[in-house]
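# Observations on chain architecture
The residues making up each chain are set out below.
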Amino acid sequence: MTQPPPPPHRRRHDDTFVPRSANRDVGGTAVLGVVVDVPEPWAQLLVEWRTKCGDPQAAVVPPHVTLLPPTEVAVADRPLIAAHLAGVARSHPPFEIHLRGTGTFRPVSEVVFVTVARGILDCERIATDVRTGPLARPLSFPYHPHVTVAHDVPTDALDMAAAELADLAATFPVEHFTEFEQQPGGAWSVARRYPLTGPVQG
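Description of the structure in this document. (Residues numbered from 1 in each chain as written. Predicted model: local features only at pLDDT ≥ 70, side-chain atom pairs only at ≥ 80, totals over all residues. Heavy atoms only, no water.)

In spatial order, the strands read β2-β1-β7-β8; together these four strands make up an open sheet with antiparallel pairing. Whereas interior strands pair on both sides, the edge strands pair on one side only; in this sheet they are β2 (64-74) and β8 (188-195). Adjacent strand axes in the sheet meet at a mean angle of 25°, parallel and antiparallel pairs treated alike. One ladder, built from eight bridges, connects strand β1 (residues 29-37) with β2; its direction is antiparallel. From the neighbouring strand, V31 faces β2, where its bridge partner is E72. (Pairing = 2+ DSSP bridges. Helix = DSSP H or I, 4+ residues; strand = E, 2+ residues; numbered from the N terminus. Axes fitted to C-alpha atoms, helices over the stretch in contact; angles between N-to-C directions.)

Encoded structure:
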């Protein structure tokens, strides 16, 4: 008898809570993420939509484009990490992001997102540089800049977000990226912002 194919591998979403390593002293580690913030008025709009979809992450994850997924680091390495991120920011110029329409990772993962239509290459370059040195780490999936609006909610809520935000368009300048630290309850707090001061690419 032919066995059914195994279920597709589920993509672990960028913004999920990251449990600390079982063999590490929790007080000696921190969980960091590096992102491009989505500014107002679009941030509040996206929070409201994520709340409307019933996504519990709406209350703890500000709207953003991920550059470094949640990553556990040693607290002792924080000064080195800060210097590394400052160096990355000094090597990249400000740029512009244009958000337009929606996309999804379904069926691999129950996620609907707002699409980054312009600024993709800038995000890719910065993300690649961030994930070097003290923050070097592999990714389970190819890097894909996006802004999540619904994650692991009922199908009708995912469909609603995809349809209702399909006409969304937003353009904003990106003059810094932000280092966040995850708190014990799963919420994220700003640790530091790094101004982009690099030379404009030719």
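Examined against the element boundaries, S189 turns out to sit in strand β8. Taking C-alpha positions, S189 is 9.4 Å from P62, a pair spaced 127 residues apart along the chain. Leave out the neighbours within four places in its chain, and S189 touches E179, F180, E181 and Q183. Here the side chain of S189 touches Q183 through a polar contact of 2.7 Å, side chain to side chain. (Contact = heavy atoms within 4.5 Å. Polar contact = N/O pair within 3.5 Å; in protein donor to acceptor, adjacent residues only side chain to side chain.)

Taking strand neighbours across the sheet as the criterion, the four strands line up as β5-β4-β3-β6 in an open arrangement whose pairing is antiparallel. Every other strand in the sheet has two partners, leaving β5 (146-151) and β6 (169-174) as the edge strands with one partner each. Looking at each pair of strands side by side, their axes are set apart by 30° on average, direction ignored. Pairing analysis gives six bridges linking strand β3 (residues 95-104) to β6, with the strands arranged antiparallel. Bridge pairing links E96 to P173 in β6. Sitting on the sheet, helix α1 (residues 42-52) is in contact with β4 (111-118), β5 and β6, with an inclination near 25° to β5. Strand contacts of helix α4 (residues 155-164): β3, β4 and β5, with the helix running at about 20° to β4, the strand carrying the most contacts.

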